[in-house]
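Fold and geometry: a report
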Amino acid sequence: MKDSYDVIVVGAGPGGSIAAKTAALKGLDVLLIEKRQEIGDPVRCAEGVDKISLRHHIKPDHRWICADLKGSYIYSPDGTVVEMSAEMSGAEVGYVLERKLFDRALADESAMAGAEVMVKTRATGLIIEDDTVCGVKLMHMGEEYTVRSKIVIGADGIESKVGRWAGIDTSLKPKDMETCVQYLVSGANIDQGYCYFYLGNDVAPGGYVWLFPKGGNLANVGVGLLGSKSGKQRPIDYLNKFIKEKLPDASTIEMVYGGVPVQGPIERTIANGLMLIGDAARQSDPITGGGIINALDAGKIAGKVAADAIRKGDCSTETLQDYEEQWRETIGREISYSLAVKETFVKFTDEELNSLAYSLKDVNFDSMRLRDLLYALFKANKKLLWDLKGLFKDMVKNDFDFKNC
Ligand SMILES: Cc1cc2nc3c(=O)[nH]c(=O)nc-3n(C[C@H](O)[C@H](O)[C@H](O)COP(=O)(O)OP(=O)(O)OC[C@H]3O[C@@H](n4cnc5c(N)ncnc54)[C@H](O)[C@@H]3O)c2cc1C
């Protein structure tokens, strides 16, 4: 470790690794630090990801792909099934990843691009001079260090402190969080080409249960509950009840807890000398909770903007505003659409969800995009069209594609 770098990236999740790789490929001197001793472990993710969006960032590799998906089954509260499949739509679907290996592969790519990667290295504060972030205070193997940089990229996930240290409001209210728990189970006995989603207030108030194939006879089964709907009820009670009813032969071999921010974009993700990306910038999708692709997209934008700013010799908010604008026009717009859809859907009763599912039962979707799912829903449900008509018009105008759905 040196005394100074062009860029220090805090957090070696997907967002941090891509930011570090992008900046290093632009010729910058980059340090990527990760507080854990193993990148990618423990996993706090259901590991589902859209294929096409992923390919913009990394070549798919069978070593970190557990399942190549053909489609999804969505179950309404009364058990009505809506199938969305690649075969019906002619579109590509997604993968279920092995995140432990995927995150390492991304970190490896950043190292190959020239970034210095350090594990067991925790950021403990920022160096701030004249209202400008000039580096990071960190702890490595029990020793404290002060390392300077022209830009810091905060990629430190849901528990992010980097933003707060720089005076950015990243606070999360419990009502705007999906609280999740997930088991990796053996003996799931599911079609390994499909993801399964279960909706309903008895199953997951304001959220859903997911069942994602992990290869062999393994699956990730988890539940996310929306804070504003679940009150004091515990996700684990819902998950145990679901498993008892639907997967009685399954054995748990791993368990994870985690939170997903679903409140939509925060006001500001930059400061002088600093950019926030991924979960640290609350960039996950409010409907699905998916955040891998958004973190990768934001990381790439931040890496490029860092290179431009350093070349110009101006790392102030005026120049970093380019990052703010680029992510808000792309990722940010998708998040806003998802938030509007989510706010309508969480108000639905189980009966309304059943009737929506029934109206879609025999529909052949043109693609796997949320836009086409909504289009089919609107055609069959005039009330929904009324509730969301402004949003839908805007989506069609912008030819929007929801990559996290
Ligand atoms: C239960 C659950 C299921 C999910 N399922 C999906 C899914 O199926 N698909 C999907 O797309 N998304 C899913 N997500 C969301 C997804 O996991 C995140 O959006 C994604 O990991 C965000 O990437 P990131 O790089 O921003 O942050 P992270 O992956 O969280 O990485 C942040 C890194 O920063 C490190 N760090 C934190 N503080 C410091 C510090 N002070 N110093 C140094 N390092 C630090 C952390 O150890 C971590 O490695 C799920 C989340 C949960 C909780």
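These notes cover the structure that comes with them. (Residues numbered from 1 in each chain as written. Predicted model: local features only at pLDDT ≥ 70, side-chain atom pairs only at ≥ 80, totals over all residues.)

A tally of regular secondary structure across the protein gives twelve helices and 18 strands. Within the protein, buried positions represent 50% of all 405 residues. A fraction of 72% describes how many contacts in the protein between residues 6 or more apart in sequence connect residues 24 or more apart. (Helix = DSSP H or I, 4+ residues; strand = E, 2+ residues; numbered from the N terminus. Buried ≥ 20, exposed ≤ 12 C-beta atoms within 10 Å, placed from the backbone. Contact = placed C-beta atoms within 7 Å.)

For the rest of this paragraph, the subject is the sheet that holds strand β5 (residues 71-75). Taking strand neighbours across the sheet as the criterion, the seven strands line up as β6-β5-β13-β14-β15-β12-β16 in an open arrangement whose pairing is mixed. Looking at the sheet topology across the chains shown, the edges are occupied by β6 (81-85) and β16 (251-261). Each neighbouring strand pair of the sheet contributes to a mean axis angle of 15°, computed without reference to strand direction. Two elements, β5 and strand β13 (residues 194-198), share five bridges in a ladder whose sense is parallel. Bridge pairing in β13 links G71 to Y194. This element, helix α7 (residues 235-246), spans β12 (177-186), β14 (208-213) and β15 (218-226) of the sheet and lies at about 135° to β15. (Pairing = 2+ DSSP bridges. Axes fitted to C-alpha atoms, helices over the stretch in contact; angles between N-to-C directions.)

We now examine the site of the ligand. By nearness alone, 40 residues border the ligand, and G11, G13, G258, G278 and G291 come closest of all. A breakdown of the residues in the shell around the ligand according to their chemical character gives 16 nonpolar, 14 polar and ten charged. Looking at which domains feed residues into the shell around the ligand, each of domain 1 (4-44 + 100-172 + 265-336) and domain 2 (68-93 + 174-261) supplies at least three. (Near = placed C-beta within 6 Å. Nonpolar A, V, L, I, M, F, W, Y, C, P; charged D, E, K, R; others polar. Domains from an automatic or database assignment.)

Where strand β1 (residues 4-10) lies against strand β11 (residues 143-154), six bridges are found, and the strand directions are parallel. Counterpart to Y5 in the pairing with β11 is S149. Examined bridge by bridge, strand β10 (residues 132-140) and β11 share six bridges and lie antiparallel to one another. Pairing of K137 across the sheet is with T146, part of β11. One ladder, built from three bridges, connects β11 with strand β18 (residues 274-276); its direction is parallel. Among the inter-strand pairings, G154 is bridged to a residue of β18, identified as L276.

So, about the sheet that holds strand β3 (residues 48-50). A sheet is described by the order of its strands in space; here three strands give the open sequence β3-β7-β4, paired in antiparallel fashion. The open sheet has two free edges, formed respectively by β3 and β4 (65-68), since each of these has just one partner strand. Taking the axes of each pair of neighbouring strands and ignoring which way they run, one obtains an average angle of 30° across the sheet. In this structure, β3 lies alongside strand β7 (residues 94-97), joined through three bridges in antiparallel fashion. Bridged to V49 within β7 is Y95.

What follows covers α7. Between its first and last C-alpha, α7 extends 16 Å over twelve residues, near the 16 Å set by a 1.5 Å rise per residue. Those residues of α7 not exposed but buried are P235, Y238, L239 and I243. Mapping the buried residues of α7 onto a view down its axis gives an arc of 130°, with all of them on the same face. Counted as exposed and oriented over 90 degrees from the buried face of α7: D237, K244 and E245. (Expected span 1.5 Å × (residues − 1). Arc of directions from axis to C-beta.)

Here the focus is the environment of N240. In this fold, N240 is placed in helix α7. Given 15 C-beta atoms within a 10 Å radius, N240 is considered partly exposed. C-alpha separation for the pair N240 and V223, spaced 17 residues apart in sequence, amounts to 9.8 Å.

Below, the discussion takes up the pairing of β7. Because side chains alternate across β7, one face comprises the buried residues G94 and V96, and the other comprises Y95 and L97, equally buried. Looking at chain direction, β4 and β7 are connected through three bridges and run antiparallel. Bridge pairing in β7 links D68 to Y95.

Attention now moves to the environment of G16. Considering the arrangement of structural elements, one finds G16 in helix α1 (residues 14-25). Under the C-beta neighbour-count criterion, G16 is labelled buried, with 33 such atoms within 10 Å. Taking C-alpha positions, G16 is 7.8 Å from D156, a pair spaced 140 residues apart along the chain.

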